[in-house]
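A look at the structure
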Amino acid sequence: MAWDLKAGLERRRAEHLYRRRRVLGSPQGREITLDGQRLLAFCSNDYLGLSHHPQVIEAFRKGAERHGVGSGAAHLITGHGTAHQKLEEELAEFVGYPRALLFSTGYMANLGVISALLGRGDNLFEDRLNHASLIDGGLLSGARLKRYPHASAEALARQLAAAGKGERLVATDGVFSMDGDLAPLPQLARTCAEHGAWLMVDDAHGIGVIGPDGRGSLAHFGLGPTEVPILMGTLGKAFGVFGAFVAGSEDLIENLIQQARPYIYTTALPPAVAEAVRAALKLVKAEQWRRDHLAALVQRFHAGAERLGLMLLPSHTSIQPLLLGEPERAIYWSVELERLGILATAIRPPTVPAGSARLRITFSADHLEADVDTLLAALDSVKQKEGL
Ligand SMILES: *Cc1c(COP(=O)(O)O)cnc(C)c1O
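Note on numbering: residues in each chain are counted from 1, in written sequence order. Local features in this predicted model are restricted to residues of pLDDT 70 or higher, and side-chain atom pairs are both shown and tallied only at a pLDDT of 80 or more, whereas totals for entire chains, interfaces and linings draw on every residue. In computing side-chain properties, one takes all heavy atoms of the structure into account and sets aside hydrogens as well as water.

Concerning the packing of aromatic side chains
In this scheme Phe, Tyr and Trp rings, the latter by its six-membered ring, pair at centre separations within 6.5 Å, and the angle between planes marks the pair as stacked below 30 degrees, edge-to-face above 60, and tilted otherwise. This structure, assessed with the given rule, holds 4 aromatic pairs. When the ring of phenylalanine 94 is compared with that of phenylalanine 239, the centres are 6.4 Å apart and the planes differ by 85°; the resulting orientation is edge-to-face. Here the residue phenylalanine 94 occupies a position in helix 4 (residues 82-95), and phenylalanine 239 occupies one in the loop between strand 8 (230-234) and strand 9 (244-248), the gap between them amounting to 145 residues. For phenylalanine 94, a relative accessible area of 4% puts it in the buried group. Look at phenylalanine 239 and you get buried, because its relative accessible area is 0%. Centre to centre, the rings of phenylalanine 301 and phenylalanine 363 are 5.1 Å apart; their planes meet at 55°, and the pair counts as tilted. Pair noted here: phenylalanine 301 is in helix 13 (residues 288-308) and phenylalanine 363 is in the loop between strand 13 (357-362) and helix 15 (369-387), with a separation of 62 residues, a long-range link. Across the pair, phenylalanine 363 and phenylalanine 301 agree in class, each one buried. A network of ring pairs unites the aromatic residues Phe42, Phe301 and Phe363 as a single cluster. Secondary structure counts use DSSP, requiring at least four H or I residues in a row for a helix and at least two E residues in a row for a strand, with both numbered from the N terminus. A 1.4 Å probe rolled over the protein chains alone gives each residue an accessible area, and that area as a share of the maximum for its type sets the label: buried under 20%, exposed over 50%, partly exposed in between.

Topic: the side chain of lysine 237
Within the fold, lysine 237 resides in the loop between strand 8 and strand 9. Charged-residue counts in this description rest on Lys and Arg as positive and Asp and Glu as negative, His and the chain ends being excluded. The working definition used for a salt bridge is a side-chain nitrogen of Lys or Arg within 4 Å of a carboxyl oxygen of Asp or Glu. Here lysine 237 sits buried without a salt bridge, and the closest side chain of opposite charge, aspartate 202, lies 6.6 Å off (N-O distance). Residue contacts follow a heavy-atom distance rule, with two residues in contact if any of their heavy atoms lie within 4.5 Å. If sequence neighbours within four positions are ignored, lysine 237 has contacts with Asn45, Asp46, Tyr47, Ala204 and His205.

Thoughts on the sheet that holds strand 7 (residues 198-202)
Across the sheet, which stays open at both edges, the 7 strands sit in the order 3-9-8-7-6-4-5 with mixed pairing between neighbours. Here the strands that pair on one side only, and so sit at the sheet edges, are strand 3 (99-103) and strand 5 (144-148). Here the average twist between neighbouring strands, direction ignored, is 20°. Between any two strands, pairing holds if DSSP finds at least two bridges. Examined bridge by bridge, strand 8 and strand 9 share 4 bridges and lie antiparallel to one another. By the bridge assignment for strand 9, glycine 233 is matched with phenylalanine 245. Contacts from helix 8 (residues 185-194) reach strand 5, strand 6 (168-173) and strand 7 within the one sheet, and its direction differs from that of strand 7 by about 155°. Every angle, taken between N-to-C directions, lies between 0 and 180 degrees, and every axis is a line fitted to C-alpha atoms, over only the stretch in contact when it is a helix.

With respect to the packing of helix 2 (residues 54-67) against helix 12 (residues 271-286)
At a minimum axis separation of 7 Å, helix 2 and helix 12 run at an interaxial angle of 150°. Taken together, helix 2 and helix 12 sit at an angle that is classed as roughly antiparallel. Two packed elements cross with a definite hand, and for helix 2 against helix 12 that hand is right-handed. Of helix 12, the residues touching helix 2 (which contributes Gln55, Val56, Ala59, Phe60, Gly63, Ala64, Arg66 and His67) are Pro271, Ala272, Val273, Glu275, Ala276, Ala279, Ala280 and Leu283. Each residue gets one label: Ala, Val, Leu, Ile, Met, Phe, Trp, Tyr, Cys and Pro are nonpolar, Asp, Glu, Lys and Arg are charged, and the others, such as Gly, are polar. Grouping the constituent residues of the contact of helix 2 with helix 12 by class yields 11 nonpolar, 3 polar and 2 charged. By the definition adopted for this analysis, an angle is roughly parallel if under 35 degrees, roughly antiparallel if over 145, roughly perpendicular if from 65 to 115, and oblique otherwise. Crossing handedness is defined as follows: a turn of the near helix away from the far one that is anticlockwise and smaller than a right angle gives a left-handed crossing, while the clockwise case is right-handed.

With respect to the site of the ligand
Lining the immediate environment of the ligand, one finds 13 residues, of which Gly106, Tyr107, Asp202, His205 and Lys237 sit closest. Whenever two N or O atoms come within 3.5 Å, that pair is a polar contact, provided that in protein one can donate a hydrogen and the other can accept it, and provided that, for residues adjacent in sequence, both atoms are side-chain atoms. At 3.4 Å from a nitrogen atom of the ligand is found a side-chain nitrogen or oxygen belonging to histidine 131. The side chain of aspartate 202 places a nitrogen or oxygen atom 2.5 Å from a nitrogen atom of the ligand. When isolated, the ligand has an accessible area of 380 Å², and the protein chains bury 82% of it. The element that contributes the greatest number of residues to the shell around the ligand is helix 5 (residues 106-117), accounting for 3 residues. Classifying every residue of the shell around the ligand gives 2 nonpolar, 8 polar and 3 charged. It suffices for a single heavy atom of a residue to lie within 4 Å of a molecule or strand for the residue to be listed as near it. Only the protein chains shown count as covering a residue, and every accessible area follows the Shrake-Rupley method with a 1.4 Å probe.

Focus: the sheet that holds strand 1 (residues 31-34)
Pairing within the open sheet is mixed, and its 3 strands lie in the order 1-2-11. In the strand order of this sheet, the two ends are held by strand 1 and strand 11 (342-343), each with one partner. One ladder, built from 4 bridges, connects strand 1 with strand 2 (residues 37-41); its direction is antiparallel. Note that in strand 2 the partner of leucine 34 across the bridge is glutamine 37.

As for the pairing of strand 13
The buried count for strand 13 comes to 6 of 6 residues, which makes it a mostly enclosed element. In strand 13, alternate side chains face the same way, and those of Ala357, Leu359 and Ile361 on one face and Arg358, Arg360 and Thr362 on the other are all buried. Both strand 10 (residues 319-325) and strand 13 contribute to a ladder of 6 bridges, which runs antiparallel. For proline 321, the partnering residue across the bridge sits in strand 13 and is arginine 360. Sheet topology places strand 12 (residues 345-347) next to strand 13; 3 bridges connect them, and they run antiparallel. Paired with threonine 345 across the two strands is arginine 360, which belongs to strand 13.

Concerning the packing of helix 5 against helix 10 (residues 250-259)
Where helix 5 contacts helix 10, the two axes come as close as 10 Å, and the packing angle between them is 95°. By the angle class used here, helix 5 and helix 10 are roughly perpendicular. Where helix 5 approaches helix 10, its residues Gly112, Val113, Ala116 and Leu117 are matched on the opposing element by Leu252, Leu256 and Gln259. A class-by-class count of the residues in the contact of helix 5 with helix 10 yields 5 nonpolar, 2 polar and no charged.

By themselves these figures say nothing about function.
Structure follows, in structure tokens:
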């Protein structure tokens, strides 16, 4: 064996960076079964509680009966069915863009867009806290990648002013996945317009949960295709299903169909998945109470955590990170909470920058106000215990 695989694993263990999978024995929800243990959970991205909604399940079941299970081919062969086509039209209408294109995952959508649009000699600019898939898309494209300090349109402007020849694309999370804050999209859009750059927003954690009718971060700021020519949204988070889409102009979408390798060289989503997303989209639009309830939970938590003197990041979304610093400390809190029957996962480098390990606490419309109080009481007791 040429590589010492064991040494790498040991090093991770010593640095408290070893990751371990746990086995979920229930659907997502406020209470889950993990490794056989019943826990009150604050970890999923199923923000609206749609992953186990009866109408979504029924659409999935009926979809499988009508279309079969597997799509059997890539979209450009015979895998693109009526369910995919209708879903693309409905998503485009929902976000207010001329067209939308389905991808199998958000990770692949980001790889596909960036590598189709940029090549060697082009320039890509990204927020330091962007999701890994946006960074990996840049690597796949071969473009020059510059990362600007988190949420700084000023620093971006300086980088754009100094950029060399080639196309210019700026990519940002809409809602940052590990911090929960919103990108300053109006400022970024203005900066892009001033410097002839295109703006791409990855709204994985905004679509469905933020803005009027859950139309996402862009709608929240009153922005659209003119300011943000490329919008990516995922369907496995607030939509509770699986997959992703990219919205843009006719020409953008046609270019992706011709050139995005992560779109072309993969099997189309199962059509039943597309049917389930269509049912979820109806609920996203119709049931504002889910977003209202979620906002009330977040506010209750935020106010309670402040009273307890807990170090929350300045987020008003369903992602409420409790900053703890070193990986060891984040793990201590996570383990202590679990003793109290509560699950909140420790997020460590390299997912977040060194020194900013945290508990990533997320809320879902499934939670009750009493669950927030239970969580706050448990956090307080861990805080007291740590202080001893
Ligand atoms: C989850 C996530 C993705 C990836 O989406 P998947 O559909 O899970 O592959 C991309 N970007 C961001 C910001 C995410 O949080």
